[in-house]
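# Inside the fold
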Amino acid sequence: MKIRNGKPIFTARQITQGGGDLIKDLIEDKLEVVDLSGYKGASYYKLRDYAFYNKKNLKEVIVDYTKTVSVGEYCFEGSSIQTLRTISKFSSIGIKAFYGTNINLQVLICTNTIYHDAFQYCKKLTGTLQLAGDSSFTIYDSAFLGTNIHQISILNTNESIIQLDSEFYETFPNTITKIKVRSSMLDKYKADSNWSKFTGIWEAVNE
């Protein structure tokens, strides 16, 4: 363990093994920062189910921006997580992964799935949520309910729409007033049975 600015930090070597799996048993409750940026293993990080569950002092996880991150079920629930620094993209985000935390992500690039309640009651999620990915993926119900997102921007180059498991307002909060979509995809989103439940402003963006 190292100390940086008076805060305890665990490095990637101390807390990872194999394909980037986090060994939760080595995480102490006094932990405030986890630095995974030096991990030289696989091209991804797999943060296990319950890895940081209820870690009251944990505020920051630092990752290598070149690696994809998979977040397990309940991974950060009950913790004080505020940011994942230098995050590039997620492969998947598990059930209640960030439920009720202070996480604040303005850009969310995901290539697979965002599961039930993943960001529910994350009130620090505000402003614009940017959704992107190199393949189509699904967002399940209540994933963003209880957040304070005001706008969604979907500008990825994928030709398939992002699938919603439930109707729009069972997935996102009613604070959202605008959705920006590439002009070629706008009609597809507006015709989708779940996305069409959005009653705010649709804005086409030139490609």
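In case you missed it, the structure is sitting above this.
Okay, so let's go over this structure. What you see is a predicted model, and the numbers here were worked out from it, not measured in a lab.

Applying the stated criterion to the full structure yields 16 aromatic pairs. Ring geometry for Phe52 against Phe76: centres 5.0 Å apart, planes inclined by 10°, an arrangement best described as stacked. Taken together, the positions of Phe52 in the loop between strand E6 (44–47) and strand E7 (60–62) and Phe76 in the loop between strand E8 (68–71) and strand E9 (83–85) put the pair 24 residues apart, joining distant regions of the chain. Overall, Phe52 belongs to the buried group, its relative accessible area being 0%. When the ring of Phe98 is compared with that of Phe119, the centres are 5.0 Å apart and the planes differ by 5°; the resulting orientation is stacked. A residue pair is termed long-range when its members are at least 10 positions apart, and Phe98 in the loop between strand E10 (89–93) and strand E11 (107–114) and Phe119 in the loop between E11 and strand E12 (126–132) qualify at 21 residues. You can call Phe98 buried: its relative accessible area is 0%. Pairwise contacts between aromatic rings join Phe52, Phe76, Phe98, Phe119, Phe144, Phe168, Tyr169, Phe172, Tyr189, Trp195, Phe198 and Trp202 into one cluster. The lysine or arginine in question, Lys96, covers the ring of Tyr99, its NZ or CZ lying 4.6 Å from the ring centre.

Turning to the nonpolar core, a few remarks are in order. Core analysis: the biggest nonpolar cluster contains 52 residues, and Phe76, Phe98, Ile114, Phe119, Phe144, Phe172 and Trp195 have the highest contact counts within it. Mapped by element, the contributors of at least two residues to this core are E6, E8, E10, E11, E12, strand E14 (148–154), strand E16 (178–182) and helix H3 (186–191). Setting aside anything within four residues of it in sequence, one finds Phe172 in contact with Leu129, Leu131, Ile139, Phe144, Leu145, Ile152, Leu164 and Trp195.

Let's shift gears to the pairing of E11. Regular strands place their side chains on alternate faces of the sheet. Where E10 meets E11, three bridges bridge the pair, whose relative direction is parallel. Its bridge partner lying in E11, Phe90 is registered against Cys110. Bridge count for E11 against E12 is three bridges, and the pairing is parallel. Across the sheet, residue Val107 finds its bridge partner in E12, namely Gln130. Direction of pairing for E11 relative to strand E13 (residues 138–139): parallel, over a ladder of two bridges.

Mapped onto the elements of the fold, Ser166 is located in the loop between strand E15 (163–164) and helix H2 (168–171). For Ser166, a relative accessible area of 11% translates into the label buried. Excluding anything up to four places from it in sequence, Ser166 contacts Asp141, Thr171 and Asn194.

Definitions and cut-offs
Residues numbered from 1 in each chain as written. Predicted model: local features only at pLDDT ≥ 70, side-chain atom pairs only at ≥ 80, totals over all residues. Heavy atoms only, no water. Phe/Tyr/Trp six-rings, centres within 6.5 Å; stacked < 30°, edge-to-face > 60°. Helix = DSSP H or I, 4+ residues; strand = E, 2+ residues; numbered from the N terminus. Buried < 20%, exposed > 50% of the residue type's maximum accessible area, 1.4 Å probe, protein only. Lys NZ or Arg CZ within 6 Å of the ring centre and 35° of its normal. Core = buried A, V, L, I, M, F, W, Y, C linked by side-chain atoms within 4.5 Å. Contact = heavy atoms within 4.5 Å. Pairing = 2+ DSSP bridges.

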